[in-house]
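Given next are the chains, with one letter for each unit.
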Amino acid sequence: MIKEECGVFGIWSPKEQELAPSVYLGLYALQHRGQESCGIVVNHNGQFSSYKDLGLVSDVFTNENLKNLGPGTAAVGHVRYGTTGANIRANVQPIEVHHVNGNLAVAHNGNLTNSTALRRQLELTGAIFHSTSDTETIAYFLTKERLTCSTIEKAVSSTMEKIEGAYSLILMTQDKLLAVRDPNGYRPLCYGQTQDGCYVIASETAALDTVGAKFIRDVEPGEIVVFSDSGIKSITSHCKTAKKSLCVFEYIYFARPDSVIDGVSVHASRLKAGSLLAKEHPVEADVVIGVPDSGLDAALGYAQESGIPYGLGFVKNKYIGRTFINPGQTERANKVKIKLNPISQTVKGKRVVLIDDSIVRGTTSGHIVQLVREAGAKEVHVRISSPPFTAPCYYGTDVPDCEHLIACNHSLEEITKIIGADSLGYLSIEGALSLGPDRGLCCKCFKTT
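Just so it is clear, the structure is predicted and the values come from calculations on it, not from any experiment.

Here is what the cut-offs are and how they apply
- Residues numbered from 1 in each chain as written.
- Predicted model: local features only at pLDDT ≥ 70, side-chain atom pairs only at ≥ 80, totals over all residues.
- Heavy atoms only, no water.
- Helix = DSSP H or I, 4+ residues; strand = E, 2+ residues; numbered from the N terminus.
- Rg over C-alpha atoms; globule rule 2.2 N^0.38 Å.
- Buried < 20%, exposed > 50% of the residue type's maximum accessible area, 1.4 Å probe, protein only.
- Contact = heavy atoms within 4.5 Å.
- Areas by Shrake-Rupley, 256 points an atom, 1.4 Å probe, with all protein chains shown as cover.
- Lys, Arg positive; Asp, Glu negative; His and termini not counted.
- Charge placed at Lys NZ, Arg CZ, Asp CG, Glu CD.
- Pairing = 2+ DSSP bridges.
- Axes fitted to C-alpha atoms, helices over the stretch in contact; angles between N-to-C directions.

Some points on the overall build of the chain
When you go through the chain residue by residue, the secondary structure sums to 16 helices and 23 strands. Its C-alpha radius of gyration of 22 Å places the chain within 12% of the 22 Å reference for a compact globule of 449 residues. Across its three principal axes, the chain shows a C-alpha extent of roughly 70 × 45 × 40 Å. Burial status across the chain gives 61% buried among its 449 residues. Within the chain, counting contacts between residues at least 6 apart in sequence, those at least 24 apart form 69% of the total. Summed over all atoms, the accessible surface of the chain reaches about 17600 Å², with 51% contributed by carbon and sulfur. Between the mean site of the 44 positive side-chain charges and the mean site of the 47 negative ones, the chain shows a separation of 1 Å.

The following block contains the structure:
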């Protein structure tokens, strides 16, 4: 099954104008959510023009091909992060569909839990798939439902009754732009407005900031928000039909620290995680350092709560992609050495508290601890701003099956020895649940039941 953590971005304009450059900026701001491929589709009087390819946003899009997309009244973009499955051009989004009721472009962040069964159901009726992405399954059901539904809104609502799992969607038709969030709200989605009246939809508020859009609100779990020449329409028939369960990892790792998700600052959430770690797992030490990037805020929170000085422990090579989202374990391990370089002056001869966001397989953590020791640290006490992974994730986070999860196969003492630390402490599940909004977080990957 394809497991994705992606970024989506869309614009609805009251007049025809060049939209591709703004989508480019939005996708650039969301690059941390997906580094394998990206794409933009522009709507010009119902006709779609698109450009999609494998690679980073800055590599895929040139001034020339952005210009070639032409002006339009709506546009949608996507950055993809495929943690398993084929990294092929057929999986690059947004997915485009041309059917009897007009053109449709679909950008999806999330993972359907029943996509295999739905895909099989469609194939038995003659459907031919061109990708291995569950986003294509969503597109098929939308076009199928559109044949009997009088509007795209009704087709979307009907499709939501069939698909299960995590999905934040931006859908573009010939005359509308829709923002859709699954009833659990597993993945973030929000919208804002620019000074010239454009409505902007994005996975994170940081992307709104990039194009000068003022945040209006988050799309509610289960909500369908429709942008058209008639204005904005909210459809809430699927709201409050399921437990609200935003992925806790949005706060721990995925989102940018300058984003605000469901009313909670990601930066403040990570500071809180570090503060809670200091209370739950205190230790006598000389300096607190964080693993860039998501470990830095938690390290600052730990230092503030514990009174232990905060220090800059690593210099990060900003041109190396996230090791967590690199599909190959060998590549993941090799990249640690060129991605992070410890600052010896900070750690030499000192008892170090090392803060990181997670331990999945343990290999990367072991390499990082070794780097700190080689830089001269006397002791290395590892603190993790998330609970131990004890179950795989089926909603789009790169948490593999238990066979590859170190916490499923080893005790705390064993993990401490494996990664070469002097001590190890994880954030409690209760602590993790307190990081986001009161209305609920998904922590299923931290629980065995």
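Focus on the environment of Ile406
If you trace the backbone, Ile406 turns up in helix α14 (residues 406-409). We classify Ile406 as buried; its relative accessible area is 6%. The spatial distance from the C-alpha of Ile406 to the C-alpha of Ala242 is 32 Å, given a sequence separation of 164 residues. Once residues lying within four places of it in the same chain are set aside, the contact partners of Ile406 are Ile359, Val360, Arg361, Gly362, Ile415 and Ile418.

Side note on the sheet that holds strand β8 (residues 177-181)
Read from one edge to the other, the open sheet built from 6 strands follows the order β5-β6-β7-β8-β12-β13, with strand pairing classed as antiparallel. Of all the strands in the sheet, the pair left with one neighbour each is β5 (95-99) and β13 (231-235). Neighbour-to-neighbour, the strand axes of this sheet turn through a mean angle of 20 degrees, independent of strand direction. When strand β12 (residues 224-228) meets β13, the two strands line up antiparallel, connected through 5 bridges. Paired with Ser228 across the bridge in β13 is Gly231.

Some points on helix α6 (residues 152-160)
Of all 9 residues in α6, 8 are buried; the element is thus mostly enclosed. Listed as buried for α6 are Ile152, Glu153, Ala155, Val156, Ser157, Ser158, Thr159 and Met160. On its buried face, α6 sits against α5 (134-146), β7 (165-172), β8, β12 and β13.

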